[in-house]
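# A look at the structure
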Amino acid sequence: FTRKARQLLVKGKEVLDALGVRFWLSSGTCLGWFRQCDIITYSKDVDFGIWIKDHKPEIIDAMETAGLPLKHVFGKVSDSYELSFKAGEVKLDIFFFYEEGDTMWNGGTDAKTGEKLKYVFPKFDLCWTLLLDIRVRVPCPTQPYIQANYGKQWDVPVKSWDWKSSAFNVRPNGVWPKSEWKEVIQVYE
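Scoring rules and cut-offs
Residues numbered from 1 in each chain as written. Predicted model: local features only at pLDDT ≥ 70, side-chain atom pairs only at ≥ 80, totals over all residues. Heavy atoms only, no water. Axes fitted to C-alpha atoms, helices over the stretch in contact; angles between N-to-C directions. Helix = DSSP H or I, 4+ residues; strand = E, 2+ residues; numbered from the N terminus. Parallel < 35°, antiparallel > 145°, perpendicular 65-115°, else oblique. Left-handed = near helix turned anticlockwise from the far one by under 90°. Contact = heavy atoms within 4.5 Å. Nonpolar A, V, L, I, M, F, W, Y, C, P; charged D, E, K, R; others polar. Core = buried A, V, L, I, M, F, W, Y, C linked by side-chain atoms within 4.5 Å. Buried < 20%, exposed > 50% of the residue type's maximum accessible area, 1.4 Å probe, protein only. Phe/Tyr/Trp six-rings, centres within 6.5 Å; stacked < 30°, edge-to-face > 60°. pLDDT = per-residue confidence, 0-100. Salt bridge = Lys/Arg side-chain N within 4 Å of Asp/Glu carboxyl O. Patch = residues over 30% accessible without salt bridge, like charges linked within 9 Å, V, L, I, M, F, W, Y side chains within 5 Å. Areas by Shrake-Rupley, 256 points an atom, 1.4 Å probe, with all protein chains shown as cover.

### What to know about the packing of helix H2 (residues 27–36) against helix H4 (residues 142–150)
Two elements in contact, H2 and H4, have axes whose closest approach is 10 Å; the angle formed by their N-to-C orientations is 125°. In terms of orientation, H2 lies oblique with respect to H4. The two elements H2 and H4 cross, and the hand of that crossing is left-handed. On the side of H2, the interface is formed by Ser27, Gly28, Cys30, Leu31, Trp33 and Phe34, while H4 contributes Thr142, Gln143, Tyr145, Ile146, Asn149 and Tyr150. Looking at the contact of H2 with H4 residue by residue, the classes come out as 7 nonpolar, 5 polar and no charged.

### Here's the deal with the nonpolar core
Counting residues in hydrophobic clusters, the biggest one holds 54 residues, and the most contacted among them are Ile59, Phe85 and Ile94. Top contributing element to this core by residue count: strand E5 (residues 90–100), with 7 residues. Those residues in contact with Ile94 that lie beyond four places of it in its chain are Phe48, Ile50, Ile59, Met63, Tyr81, Glu82, Leu83 and Phe85. Among the nonpolar cores identified, the runner-up in size contains 5 residues, and Phe74, Trp181, Val184 and Ile185 belong to it.

### What to know about H4
Buried within H4 we find Thr142, Tyr145, Ile146, Ala148, Asn149 and Tyr150. Buried residues belonging to H4 abut strand E1 (24–25), H2, E5, strand E7 (115–122) and strand E9 (134–140). Positive backbone phi, approximately 80°, marks Gly151, located one or two places after H4.

### Regarding the packing of aromatic side chains
Summed over all chains, the structure comprises 14 aromatic pairs. Both rings, one in Trp51 and one in Phe124, keep their centres 5.9 Å apart while their planes meet at 20°; by these two values the pair is stacked. Taken together, the positions of Trp51 in strand E2 (residues 45–51) and Phe124 in the loop between E7 and strand E8 (125–131) put the pair 73 residues apart, joining distant regions of the chain. For the residue pair Trp51 and Phe124, the accessibility class agrees, reading buried in each case. Here the aromatic rings of Phe124 and Tyr145 are separated by 5.2 Å at their centres, their planes lie at 80°, and the arrangement is edge-to-face. In this pair, Phe124 sits in the loop between E7 and E8 while Tyr145 sits in helix H4, placing the two residues 21 residues apart along the sequence.

### So, the environment of Gln153
For Gln153, the position within the fold is in the loop between H4 and strand E10 (170–175). Here the alpha-carbon distance between Gln153 and Ala66, two residues 87 residues apart in the chain, equals 38 Å.

### Side note on the confidence of the model for the protein
Taken as a whole, the protein shows an average pLDDT of 93; of its residues, 100% reach a score of 70 or greater. Looking over the protein, one finds the lowest element-wise mean pLDDT in H2, namely 93, and the highest in E1, namely 98.

### Here we look at H2
Among the 10 residues that make up H2, 8 are buried, leaving the element largely enclosed by the rest of the structure. Within the sequence span of H2, burial applies to Ser27, Gly28, Thr29, Cys30, Leu31, Gly32, Trp33 and Arg35. Where H2 is buried, its residues touch E1, E2, E5, E8, E9 and H4. Of the residues flanking the end of H2, it is Cys37, one or two places downstream, whose phi is positive at about 55°.

### Digging into the pattern of salt bridges
Tallying each qualifying case throughout the model produces 9 salt bridges. Close ionic contact of Lys13 with Asp17 constitutes a salt bridge, the shortest N to O distance being 2.8 Å. Taken together, the residues Lys13 and Asp17, both in helix H1 (residues 2–19) and 4 residues apart, mark about one turn of the helix.

### So, a nonpolar patch on the surface
Together, Val158, Trp161 and Trp163 make up an exposed nonpolar region whose accessible area comes to about 290 Å². Position of Trp161 relative to the elements: it lies in the loop between H4 and E10.

Here you go:
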């Protein structure tokens with residue numbers, strides 16, 4: 001898995017760098033870097049974060065041209081936007097982050113129920129680091145970001161993670177109206 005995840009990390013980075021879109025290691029990929037300087041081997045994906053102000057509509061076409069087919073689009077640019085691309089059995093999740101007061105947040109959408117979730121983080125900047133000899137950005141300071149998502153025991157591996165309930169920073173954020181589901185819940189398999 002680590003080899004495939006590294007290849008996906010490189011390809012995603014190449015696409016976003018070519019578009020001039022700043023991204024950082026997010027969620028489990030950031031945790032793996034911070035906790036063990038590696039990819040979490042039992043993870044199923046690579047996670048990037050992007051500030052919504054840096055979003056470019058060309059991201060989807062550029063990823064697909066690079067051989068990463070679109071798996072899903074959740075939300076809309078103005079609210080809880082998320083993209084996912086597939087590389088074999090490994091996926092690249094891109095979470096878009098919104099600024100709200102003294103916090104940042106990214107959304108999540110349950111494709112079956114339309115339920116919206118919000119993952120809240122303290123504000124952060126970006127700094128450079130290396131993961132598997134790849135130069136990437138991470139949230140800085142990193143520990144408050146990790147602790148917001150994974151709690152004070154972030155250093156203890158959890159192999160059965162539920163994206164809707166395990167995160168310490170997850171909050172309900174309403175439900176998408178059924179009339180919007182065709183726009184805000186697009187799944188391609």
